[in-house]
Amino acid sequence: MTLLVLAAVSVVLTLLGFFVSVPAFKRLTILGLSLGLLALFATWGRPEAFGPYQVDGVSRVFTLLALLGALWTVGLVRTRRFEFYLLVLYAATGMHLLASTKHLVLMLVALEALSLPLYALATWRRGAGLEAALKYFLLGALAAAFFLYGTALFYGATGSLLAGTPGEGPLYALAVGLLLVGLGFKVALAPFHFWTPDVYQGSPTPVVLFMATGVKAAAFAALLRVVAPASLEALPLLIALSVLLGNLAALSQKEAKRLLAYSSIAHAGYMALALYTGNAQALGFYLLTYVLATGLAFAVLSEVSPDQVPLESLKGLFHKDPLLGLGLFVAALSLLGLPPLAGFWGKYLVFTEAARAGQWGLLVLALLTSAVSAYYYLGLALAVFQKGEAMAAPRPLARSVAFLVALFLLLLGLFPGSLLPALAAG
Amino acid sequence: MSPWEALALLLLLATGLLVVTLRNAIHAALALIANFLVLAGVYVALDARFLGFIQIIVYAGAIVVLFLFVIMLLFAAQGEVGFDPLVRSKPLAALLSLGVAGVLLSGLLGLKLAFSQDLQGGLPQALGPLLYGDWLLVLLAVGFLLMAATVVAVALVQPSRPLDALRPEERKEEVLR
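In this text, all values refer to a predicted model and were calculated from it rather than measured experimentally.

Visitor: In this structure, what is going on with unusual backbone geometry? I would like to understand it.
Guide: Most peptide bonds adopt trans geometry, and most residues besides glycine take a negative phi value. In this model, A:Ala190 is joined to A:Pro191 through a cis peptide bond whose omega is 0°. Unusually for a residue other than glycine, A:Ala188 sits at a positive phi of about 65°. The residue B:Asp47 is not glycine, and still its phi comes out positive at about 75°. One can find B:Asp47 in the loop between α2 (25–45) and α3 (49–74).

Structure representation (structure tokens):
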């Protein structure tokens, strides 16, 4: 149902784009994405299946996050070419497909359907982002090749193309490892993170918002299906590298987007902790808080400047514009995981999963690096209160959305139990 | 290993090596065609005849021709590349590919496939019902992917504004870009 709606809207809008004005097209895209959300909610809690396309709880929650990210991106962007909105719509459709299948070949097709539009979106402002986008494209193509190799070997090892088929032996481990490389690249797990800082810094900020929210959600849904059932020896190494590298490299960053890029690597590591027990509820909740917080941070940054945002230029944001300043403050604290905010419960749930799996070493490492991350998150959060000459574009709607999201993060932190059953019902 | 298999292995390895070591890009592309042709022969021998023909038509036919076009456009019709864009990366690349080969080999050695499918000679008659039966959704998804890829390609080459709205000097820049 959701797939039908999204695909139909994509096709219709592709044709309509030539006949309507760009602002009208933007509204139509928002309408289309909202229709997708509506279809998602209308079938909430009821499994659907068509061949290898299977919508279950995991797929619903993660699609919801991807669609929210897409909506936010479309809402924030003003551009002269309608293709931008169309590409976001395509990518959102790909994300839904990726989150709703166990079939590895379909996963690969969906992975490409979400990546190709993103490669083009990353180059949207010519010049500055071109080099980063080329890097993203080349490494992304390589990752897709790894995924394809993994798919072929998986079939050889198990005789089935459905992720989660049990298997054994070196070939099986190799196959799942290659699949993990392909997906790990998309979620920016170290050591497959090399593209992240450059691309986050060079791409337009709303596109980065989409990468950090939608792509992460969809790829983690796939990881949950592929990696969680096959306990891998390489996973602890990836997690340890991600949380260490992400947090330590972020300490010395002077530019907000680059800082958040490293923070996104670290968060990918924390999320991967939930892969041990394969608890979709914990991972879904963590992703929800992460998507809202990081989306909020990037939304504020895109109001400050469409380009790079040195930390210096954030100073005085609170005095210039209290809502935006407060939004960034709440976002940074939620990313850090400070108790009254939703990010705390996300981390709590994920760390509990790691404890349940008996990964005490990783748990200690994650706690320590979380403490380290306080340094740069607080630097980001407190910069808005310092004296300075921050500038911000006056856009009331974007502002009220930022305020609502900040409020939601606070409420979710105070009453986390109110949403968990709905996520579990999915 | 039968003599034919050994011959195919040798040819594949030799042409593959030629592709990465030849200095003239056109010669390298020709070696790639030879590699694809041998691979097509392997497919046919494995009872995947349709795949073998596709390999020849799509890869040897279309994709290498695309390579040749790009080579001719980039190097002004001279295949002589003459420079190494990634200096001193060759030993590292060789080491990496040997490593990958080793890992794959160790995974594949002693593998017993517990399943087999009747390929019926690997002709389209056997593939068609599968493609439009079990794999229908994947086929549709590929169609969607191709549509998205088309729009992506158009969006990538488009100027930031319609060409007739640009000033002359901007237009020149867009064309050169």
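Now, onward.
Visitor: Mind showing me how you'd approach the interface of chain B and chain A here?
Guide: One frequent convention defines the size of an interface as the accessible area lost when the parts assemble. If you look at the interface, chain B gives 25 residues, while chain A gives 31 residues. Where the side of chain B that touches chain A is concerned, the elements lending two or more residues are α4 (90–108) and α6 (136–157) of chain B. Looking at the side of chain B that touches chain A residue by residue, the classes come out as 20 nonpolar, 4 polar and 1 charged.

Visitor: I'm lost on the environment of A:Leu97 in this one. Help?
Guide: Of note, A:Leu97 is situated in helix α4 (residues 83–99). When the C-alpha positions of A:Leu97 and A:Gly327 are compared, they lie 32 Å apart, and in sequence the two are 230 residues distant. Excluding anything up to four places from it in sequence, A:Leu97 contacts A:Leu3, A:Leu106, A:Ala110, A:Ala113 and B:Ala141.

Visitor: How should I be thinking about helix α6 (residues 130–158) of chain A in this particular structure?
Guide: Helical periodicity: at 3.6 residues per turn, an α-helix aligns residues three or four positions apart in one direction. For α6(A), which comprises 29 residues, the first-to-last C-alpha distance of 41 Å matches the rise-based estimate of 42 Å (1.5 Å per residue) to within 8%. A:Gly159 sits one or two residues past α6(A) and shows a positive phi near 75°.

Visitor: I would appreciate a short explanation of α2(B) in the present structure.
Guide: Residues and elements named next belong to chain B. With 21 residues, α2 should cover 30 Å at 1.5 Å per step; its first-to-last C-alpha distance of 30 Å lies within 8% of that length. Ala 25, Ala 29, Ala 31, Leu 32, Ile 33, Asn 35, Val 38, Leu 39 and Ala 40 are the residues of α2 that are buried. Phi turns positive, to about 75°, at Asp 47, one or two residues after α2.

Visitor: How should I be thinking about the nonpolar core in this particular structure?
Guide: Grouped burial of nonpolar side chains is what soluble globular proteins tend to show. Core analysis: the largest hydrophobic core is formed by 181 residues, its most contacted members being A:Leu98, A:Ala218, A:Phe220, A:Met271, A:Leu273 and A:Ala332. Counting residues per element, this core draws most heavily on helix α12 (residues 280–304) of chain A, which supplies 18 residues. Leave out the neighbours within four places in its chain, and A:Leu98 touches A:Met107, A:Ala110, A:Leu111, A:Leu114, A:Ala218, A:Ala221 and A:Ala222. Counting 5 residues, the second largest nonpolar core, distinct from the first, contains B:Ala25, B:Ala31, B:Leu32 and B:Ile33.

Definitions and limits used
- Residues numbered from 1 in each chain as written.
- Chains lettered and ligands numbered in written order.
- Predicted model: local features only at pLDDT ≥ 70, side-chain atom pairs only at ≥ 80, totals over all residues.
- Helix = DSSP H or I, 4+ residues; strand = E, 2+ residues; numbered from the N terminus.
- Contact = placed C-beta atoms within 7 Å.
- Nonpolar A, V, L, I, M, F, W, Y, C, P; charged D, E, K, R; others polar.
- Expected span 1.5 Å × (residues − 1).
- Buried ≥ 20, exposed ≤ 12 C-beta atoms within 10 Å, placed from the backbone.
- Core = buried A, V, L, I, M, F, W, Y, C linked by C-beta atoms within 7 Å.

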